[in-house]
Amino acid sequence: EKVSENSWKISSFGKHPLFTIKQESIFSIDNGNVVLESGFRKLDVLGGLRKDHQTYKVEKEDNRKIIIYSFGKKKGSIEIEENFFDNLTLQVQAKMNYLDKDQFKINYFDKGKIKIKSFLNKKEKIIYKSKPVEVFEFTEQREDKRYFKFLILDNSNKETVKVFQGGRGFNIDWELD
């Protein structure tokens, strides 16, 4: 959804018996790169027994870029020099620049920190909406037992159609509309 001349908004909402998640990111495009401007993620587990709420916004001071964030009760700011992504803008950037790459690394913002994430990309054939289709399968490379993977249709729309996440005691497969 376009929100201004140069800015777009992408949102997602997911509901599962154990949790609900709502995410939103506002971004612009600069020279073929997604530039995250602000966003939030609200994850409520077991009806709010555990909450993972975070917000972030990039502000410019002189020639510096600073992320102002809150994560739970923690608030802070960090200066950044390089571009960074969240779950939603990562998918947009992958569609724009990484479909032809076997692997790539990105700067990822989560819980008040910039982390470097590495992804592998391969083409796969799957059944989607009862039809065989080709997808780009992006899989995060991790050292722990958690996983994150998303599938993008290899067609003119390049839709994200499935997201897989898991870890200790949970495995979630999201089929997107």
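The text that follows walks through the structure, step by step, so that each part is easy to find. Only a predicted model underlies this, so the values are computations on that prediction, with no experimental measurement involved. (Residues numbered from 1 in each chain as written. Predicted model: local features only at pLDDT ≥ 70, side-chain atom pairs only at ≥ 80, totals over all residues. Heavy atoms only, no water.)

1. Focus on the overall build of the chain
For step 1, the next point in the chain: Tallying secondary structure elements over the chain gives one helix and twelve strands in all.
For step 2, the next point in the chain: Counting from the amino terminus, the chain carries its helices and strands in the arrangement β-β-β-β-β-β-α-β-β-β-β-β-β.
For step 3, the next point in the chain: Radius of gyration (C-alpha) of the chain: 17 Å, near the 16 Å computed for a compact globule of 177 residues.
For step 4, the next point in the chain: In the chain, which comprises 177 residues, the share counted as buried stands at 40%.
For step 5, the next point in the chain: Summed over its atoms, the accessible surface of the chain is roughly 11200 Å², and 46% of this surface lies on carbon and sulfur atoms.
For step 6, the next point in the chain: If you average the places of the 34 positive and of the 28 negative side-chain charges in the chain, the two averages end up 6 Å apart. (Helix = DSSP H or I, 4+ residues; strand = E, 2+ residues; numbered from the N terminus. Rg over C-alpha atoms; globule rule 2.2 N^0.38 Å. Buried < 20%, exposed > 50% of the residue type's maximum accessible area, 1.4 Å probe, protein only. Areas by Shrake-Rupley, 256 points an atom, 1.4 Å probe, with all protein chains shown as cover. Lys, Arg positive; Asp, Glu negative; His and termini not counted. Charge placed at Lys NZ, Arg CZ, Asp CG, Glu CD.)

2. Considerations on the sheet that holds strand β7 (residues 103-110)
For step 1, the next point in the chain: Within the open sheet, the six strands sit side by side as β7-β8-β9-β10-β11-β12. Their pairing is antiparallel. At either margin of the open sheet sits one strand with a lone partner, and together these are β7 and β12 (170-175). Across this sheet, the average inter-strand angle for adjacent strands is 25 degrees, counted without regard to direction.
For step 2, the next point in the chain: Judged from the eleven bridges that link them, strand β8 (residues 113-128) and strand β9 (residues 131-141) form a sheet pairing that is antiparallel. Bridge pairing in β9 links I127 to P132.
For step 3, the next point in the chain: Strand contacts of helix α1 (residues 87-98): β7, β8, β9, β10 (147-153) and β11 (160-167), with the helix running at about 50 degrees to β10, the strand carrying the most contacts. (Pairing = 2+ DSSP bridges. Axes fitted to C-alpha atoms, helices over the stretch in contact; angles between N-to-C directions. Contact = heavy atoms within 4.5 Å.)

3. Some remarks on the environment of G14
For step 1, the next point in the chain: Along the chain, the position of G14 falls in strand β1 (residues 7-15).
For step 2, the next point in the chain: Residue G14 is classed as buried on the basis of its relative accessible area, which comes to 7%.
For step 3, the next point in the chain: For G14 and Y147, which are 133 residues apart along the polypeptide, the C-alpha to C-alpha distance reads 18 Å.
For step 4, the next point in the chain: The residues contacting G14, other than those within four sequence positions of it, are F19, T20, I21 and W174.

4. Re the sheet that holds strand β5 (residues 64-71)
For step 1, the next point in the chain: Spatial ordering of the open sheet is given by β1-β2-β3-β4-β5-β6, a layout of six strands whose pairing is antiparallel. In this open sheet, the two strands that pair with only one neighbour each are β1 and β6 (74-80). Direction aside, neighbouring strands of the sheet carry axes that sit 15 degrees apart on average.
For step 2, the next point in the chain: In this structure, strand β2 (residues 19-30) lies alongside strand β3 (residues 33-45), joined through twelve bridges in antiparallel fashion. Within β3, the position partnered with E24 by the bridge is F40.
For step 3, the next point in the chain: Running at roughly 140 degrees to β3, α1 makes contact with β1, β2 and β3 of the sheet.

5. A closer look at the side chain of Q54
For step 1, the next point in the chain: Within the element layout of this structure, Q54 appears in strand β4 (residues 50-61).
For step 2, the next point in the chain: There is a polar contact of 2.8 Å between the side chain of Q54 and the backbone nitrogen of K111.
For step 3, the next point in the chain: Excluding anything up to four places from it in sequence, Q54 contacts G39, F40, R41, S70, F71, F109, D110, K111 and G112. (Polar contact = N/O pair within 3.5 Å; in protein donor to acceptor, adjacent residues only side chain to side chain.)

6. Points about the packing of aromatic side chains
For step 1, the next point in the chain: Here the structure, examined in full by the defined rule, presents eleven aromatic pairs.
For step 2, the next point in the chain: Arranged with centres 5.9 Å apart and planes meeting at 65 degrees, the rings of Y69 and F109 form a pair that is edge-to-face. Pair noted here: Y69 is in strand β5 and F109 is in strand β7, with a separation of 40 residues, a long-range link. This pair shows no difference in class: Y69 is buried, exactly as F109 is.
For step 3, the next point in the chain: The interplanar angle of 75 degrees and the centroid separation of 6.4 Å between the aromatic rings of F119 and F148 together place this pair among those described as edge-to-face. (Phe/Tyr/Trp six-rings, centres within 6.5 Å; stacked < 30°, edge-to-face > 60°.)

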